[in-house]
Amino acid sequence: MNIVVANTKGGTGKTTTAVQLALYLTGIGKKVLLVDADIQGSAFKALAERGKLEIEPIQPCAFLPDPVQLRTQIKAYQADYDHIIIDSGGRAGSHLVASILSSEVLLVPITPSAVDASALGDLKAIITDAREVFGAEFKALSFISMADVSGSDNFLTEKRIRRSGFLEFLDTSLGKRKAFRNATALGVGVYEMKNPDSKACNEIRRLAQAIFTSDEEKQNS
Ligand SMILES: Nc1ncnc2c1ncn2[C@@H]1O[C@H](COP(=O)(O)OP(=O)(O)O)[C@@H](O)[C@H]1O
Ligand SMILES: [Mg+2]
């Protein structure tokens, strides 16, 4: 399955999510390609660090910031991978549409402080365009990224997402944890760290499970 991690807002944890999700799936034995579609190339650079540290298994990663190349290359790679995870970056341009057109799932990390109506409005317009103008078929999922340990902001954010009505809300979050920051900078999965943070490990596992079962959950509810 192809999953594009996107949000028109910067700094919401897209790169962290894409890198950790790819490495988690690789860790459970799937063939996964991580695609960095962001011109800043943060995911690609992080994976270069992993390469320098010579950590096994090797995580395949492609840097494809050009929208046309992105579409073409993903088609070419498709048959060789179980999953392709795309870090789309923060621009709301043609590369985001190209990423969505190449994916079955759009995954939107939203931070407790980042839910402002205008950013969600941008996203809604892009999703509507992709479906209605380009005929793309994909699920639009969201979750809380960098969740607060306490306080009411997580819940308020969840309420706003649910009220917006166009994003399915996954009831599992990635907490604000040093483990995510440190591991991702090195292109390492949180479970691959020397002293793994068990909460971080559980969170990425639960997120992956929620993405892959979101359809079943819907049918059962
Ligand atoms: N779950 C998390 N816990 C702690 N820090 C995080 C978490 N997710 C992201 N960060 C940090 O927040 C900053 C922005 O995250 P990043 O994944 O680069 O966002 P984006 O790709 O959306 O711009 C980075 O410094 C990153 O290390
Ligand atoms: Mg990024």
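Residues numbered from 1 in each chain as written. Chains lettered and ligands numbered in written order. Predicted model: local features only at pLDDT ≥ 70, side-chain atom pairs only at ≥ 80, totals over all residues. Heavy atoms only, no water.

Q: Could you clarify how one ought to interpret unusual backbone geometry in this entry?
A: Working note: non-glycine residues mostly have negative phi, and peptide bonds are mostly trans. In this model, Glu56 is joined to Pro57 through a cis peptide bond whose omega is -5°. For Pro57, the location among the structural elements is in the loop between helix H2 (42-52) and strand S3 (61-63). Positive phi outside glycine occurs at Glu54, with the angle close to 55°. Locating Glu54 in the fold gives a position in the loop between H2 and S3. For Glu54, a relative accessible area of 67% puts it in the exposed group. (Helix = DSSP H or I, 4+ residues; strand = E, 2+ residues; numbered from the N terminus. Buried < 20%, exposed > 50% of the residue type's maximum accessible area, 1.4 Å probe, protein only.)

Q: Mind showing me how you'd approach the site of ligand 1 here?
A: As a matter of local geometry, ligand 1 sits amid Gly11, Thr12, Gly13, Lys14, Thr15, Thr16, Met146, Gly175, Lys176, Arg177, Phe180 and Arg181. In the environment of ligand 1, a nitrogen atom lies 2.8 Å from a nitrogen or oxygen atom belonging to the backbone of Gly175. Elements represented by at least two residues in the shell around ligand 1 include exactly helix H1 (14-27) and helix H7 (178-185). It is H1 that contributes the most residues to the shell around ligand 1, three residues altogether. Within the shell around ligand 1, the residues separate by chemical class into two nonpolar, six polar and four charged. (Near = heavy atom within 4 Å. Polar contact = N/O pair within 3.5 Å; in protein donor to acceptor, adjacent residues only side chain to side chain. Nonpolar A, V, L, I, M, F, W, Y, C, P; charged D, E, K, R; others polar.)

Q: Explain the pattern of salt bridges here, please?
A: Any two side chains of opposite charge can pair, given that their charged atoms come close. Summed over the entire model, instances satisfying the criterion amount to four salt bridges. For Lys52, the salt bridge identified is with Glu49, shortest N-O distance 2.9 Å. Pair noted here: Lys52 and Glu49 are both in helix H2, with a separation of three residues, about one helical turn. Judged by its relative accessible area of 28%, Glu49 is partly exposed. In this structure, Arg177 and Glu203 form a salt bridge, with 2.8 Å as the shortest nitrogen-oxygen distance. Within this pair, whereas Arg177 is found in the loop between strand S8 (174-175) and H7, its partner Glu203 is found in helix H8 (residues 198-220), the two being separated by 26 residues in sequence. Note on Glu203: relative accessible area 13%, which makes it buried. (Salt bridge = Lys/Arg side-chain N within 4 Å of Asp/Glu carboxyl O.)

Q: Looking at this structure, I do not really get the pairing of strand S2 (residues 32-36). What am I missing?
A: Each regular strand displays side chains that alternate between the two surfaces of the sheet. Counted residue by residue, S2 has five buried out of five residues, so it is predominantly covered. Neither face of S2 is left uncovered, since the one carrying Val32, Leu34 and Asp36 and the one carrying Leu33 and Val35 both have all their residues buried. Relative to strand S4 (residues 83-87), S2 is paired through five bridges, and the arrangement is parallel. Paired with Leu33 across the bridge in S4 is Ile84. When S2 meets S3, the two strands line up parallel, connected through three bridges. Bridge assignment links Asp36 to a residue of S3, and that residue is Phe63. For the crossover from S2 across H2 to S3, the handedness is right-handed. (Pairing = 2+ DSSP bridges. Right-handed = clockwise from strand over helix to strand, strands pointing away.)

Q: Got a minute to help me understand the packing of aromatic side chains in this structure?
A: When we look at a pair of aromatic rings, we describe it by the centre distance and by the angle of the planes. Following the criterion strictly, the structure yields two aromatic pairs and no others. Between Tyr77 and Tyr81, the ring centres sit 6.3 Å apart and the planes meet at 75°, which makes this aromatic pair edge-to-face. A residue is classified by how much of its surface remains accessible, and Tyr77, at 27% relative accessible area, is partly exposed. Residue placement shows Lys31 over the ring face of Tyr81; its charged tip is 5.7 Å from the ring centre. Directly above the ring of Phe138 sits Arg131, whose terminal nitrogen or CZ lies 4.4 Å from the centroid. (Phe/Tyr/Trp six-rings, centres within 6.5 Å; stacked < 30°, edge-to-face > 60°. Lys NZ or Arg CZ within 6 Å of the ring centre and 35° of its normal.)

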